[in-house]
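Commentary on secondary and tertiary structure
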Amino acid sequence: MSEQAATTGAAALELSAFLRRRREQIAQRWADAPLFRTVFTVSRDEAVEAGKAVVDALADVAADGRLDSITAPGFAAVREQLGRMAASRTRSGSAPAQIAEEVAGLRAPVGELLRGEFEDPAAAPAQECALALAVLMGSLRLVVMETALSAGEELIERQRQQLLEVATPVIKLWEGVVAVPLIGTLDSARSQVVMESLLEAIVDQRAEYAILDITGVPTVDSLVAQHLMKTVAAARLMGAECVVSGIRPAIAQTIVHLGIDLGSIVTRADLADALAYALGHLGIVVSPRAPAGVSLR
């Protein structure tokens, strides 16, 4: 082992011992830092306990000598907690750069306590420990940002899935008749949600007819047609007949131009026509409303 490596290792061990020794004081100071104060708003004691957990993790990483490794085992214990803290700050409107600065701000109170451990803060041992602390806090900053980005991606994915579900509601139009009014682009992910929602509705409502209304779909290409045909086929396997409505003239021309064969699918001009088709096959007769003053007898 080189002299420099030995010095670095000794500084890391000394830093670890310092963190364990001053655990309470560091956690108390961190509890007033923006990163902790704005997350743990109910109880300051909760913020202190969270700070202690982070200090313990840093002490473990330092003892292991892997000051610059974000994959060090010591970080595993607090990675989830740091992720929750960063996600909470993100939801409150903090940008990633601001969160990074808040994590960087945790170094100052620790450095102040560390300097107090040495009679001469300018001496080599003190400087080595200060350098080790800087590297360790830099790693903590990277861990927080990594967990924040991961939590942000998971949140975005959940919100995307929720939007897909909200954008594809299944409506019960009549006993035995359900409909899905589609609005916007129909891609593979959304088509899967449409299919799953429709099949669940067919089972729950014991529907015999399912209407896919594409009035709000701007364009129909071969991919969209393929998705529609798969949904129709899946509905048939569940015992329901699918009717596609809302095929506008421009879309009809596009379908013909692309050579897409929808001959096996029942189509109607609009949702009203599709509903009338379904009700007619269910044996339900809907009479037109009589004009005012006219009695139907």
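Residues numbered from 1 in each chain as written. Predicted model: local features only at pLDDT ≥ 70, side-chain atom pairs only at ≥ 80, totals over all residues. Heavy atoms only, no water.

Within the largest apolar cluster, 48 residues are counted, with the highest numbers of intra-cluster contacts made by Leu19, Trp30, Phe36, Leu58, Leu136 and Leu140. Contributions of two or more residues to this core are made by α1 (3–21), α2 (23–30), α3 (34–37), α4 (44–64), α5 (73–91), α6 (96–104), α7 (107–115) and α8 (124–166). Contacts of leucine 19, omitting those with residues within four sequence positions, involve Ile26, Val55, Leu58, Ala59, Val110 and Leu136. Counting residues in hydrophobic clusters, the runner-up holds 29 residues, among them Leu186, Val194, Leu228 and Ile255. (Core = buried A, V, L, I, M, F, W, Y, C linked by side-chain atoms within 4.5 Å. Buried < 20%, exposed > 50% of the residue type's maximum accessible area, 1.4 Å probe, protein only. Helix = DSSP H or I, 4+ residues; strand = E, 2+ residues; numbered from the N terminus. Contact = heavy atoms within 4.5 Å.)

With that out of the way, let us pick up the sheet that holds strand β2 (residues 177–183). Sheet strands line up and pair through hydrogen bonds in the backbone, either parallel or antiparallel. With mixed pairing, the five strands of this open sheet are ordered in space as β1-β2-β3-β4-β5. Looking at strand neighbours, the two that pair on one side only are β1 (171–174) and β5 (266–268), the edges of this open sheet. Averaged over all pairs of adjacent strands, the angle between their axes in this sheet comes to 30°, without regard to strand direction. Here strand β4 (residues 241–245) runs beside β5; their pairing, made up of three bridges, is parallel. (Pairing = 2+ DSSP bridges. Axes fitted to C-alpha atoms, helices over the stretch in contact; angles between N-to-C directions.)

Looking now at the packing of α5 against α6. Direction vectors running N to C along α5 and α6 enclose 135°, while the axes themselves pass 10 Å from each other. Judged by the inter-axis angle, α5 sits oblique to α6. Crossing hand, α5 versus α6: right-handed. For the pair α5 and α6, contact is made by Ala86, Arg89 and Thr90 and by Gln98, Ile99 and Glu102, respectively. When its residues are assigned to classes, the contact of α5 with α6 shows two nonpolar, two polar and two charged. (Parallel < 35°, antiparallel > 145°, perpendicular 65-115°, else oblique. Left-handed = near helix turned anticlockwise from the far one by under 90°. Nonpolar A, V, L, I, M, F, W, Y, C, P; charged D, E, K, R; others polar.)

Here we take up the packing of α4 against α5. Axis angle and axis distance: for two packed helices, these are the angle between their axes and the distance between the axes, and together they describe the pair. Contact pair α4 / α5: the axes reach a minimum separation of 7 Å and the direction vectors enclose 155°. Judged by the angle between their axes, α4 and α5 are roughly antiparallel. Relative to α5, the crossing made by α4 is left-handed. Of the residues in α5, those in contact with Ala50, Ala53, Val54, Ala57, Leu58, Asp60, Val61 and Asp64 of α4 are Pro73, Gly74, Phe75, Val78, Gln81 and Leu82. Here the residues of the contact of α4 with α5 are counted per class, giving ten nonpolar, two polar and two charged.

Next up on the list: the pairing of strand β3 (residues 209–216). Here β3 lies mainly inside the structure; six of its eight residues are buried. Inspection of the sheet shows β2 paired to β3 by six bridges, in the parallel sense. Bridged to valine 178 within β3 is alanine 210. The β-α-β motif built from β2, the intervening helix α9 (residues 188–205) and the parallel element β3 has right-handed crossover chirality. In this structure, β3 lies alongside β4, joined through five bridges in parallel fashion. Counted as the bridge partner of alanine 210 is cysteine 242 from β4. With respect to chirality, the unit in which β3 leads through helix α10 (residues 222–237) into the neighbouring parallel β4 is right-handed. (Right-handed = clockwise from strand over helix to strand, strands pointing away.)

A few words now on unusual backbone geometry. Positive phi, normally seen in glycine, also occurs at arginine 206, with a value near 50°. Under the relative-accessibility criterion, arginine 206 is labelled exposed at 73%.

With that settled, the discussion passes to the pairing of β1. With three bridges joining them, β1 and β2 adopt antiparallel strand pairing. Residue pairing across strands places lysine 172 opposite valine 178, the latter belonging to β2.

So, about α2. Looking at α2, one finds that the buried residues are Ile26, Ala27 and Trp30. Projected onto a plane normal to the axis of α2, the buried residues spread over an arc of 95° and lie on a single side. (Arc of directions from axis to C-beta.)

What follows concerns the pattern of salt bridges. Enumeration according to the criterion identifies ten salt bridges in this entry. Its salt-bridge partner being glutamate 117, residue arginine 21 comes within 2.6 Å of it at the nearest N-O pair. Here glutamate 117 lies in the loop between α7 and α8 and arginine 21 lies in helix α1, a separation of 96 residues in the sequence. The partly exposed category is assigned to arginine 21, whose relative accessible area is 49%. (Salt bridge = Lys/Arg side-chain N within 4 Å of Asp/Glu carboxyl O.)

For an α-helix, the turn length of 3.6 residues means that residues three or four places apart are oriented alike. Taking 1.5 Å as the rise per residue, α5 with 19 residues should run 27 Å; its terminal C-alpha atoms sit 28 Å apart, in good agreement. Arginine 79 marks the point of greatest bend in α5, at about 45°. Buried residues of α5: Gly74, Phe75, Val78, Gln81, Leu82, Gly83, Met85, Ala86, Ala87, Ser88 and Arg89, and no others. Looking one or two residues past α5, glycine 93 carries a phi angle of roughly 105°, positive in sign. (Expected span 1.5 Å × (residues − 1). Bend = angle between axes of the 7 residues up to and from the residue.)

Another point: the environment of arginine 44. With respect to the helices and strands, arginine 44 occurs in helix α4. Residues arginine 44 and glutamine 28 lie 16 residues apart in sequence; the distance between their C-alpha atoms is 9.0 Å. Arginine 44 has contacts with Gln28, Ala31 and Asp32, leaving out every residue within four places of it along the chain.

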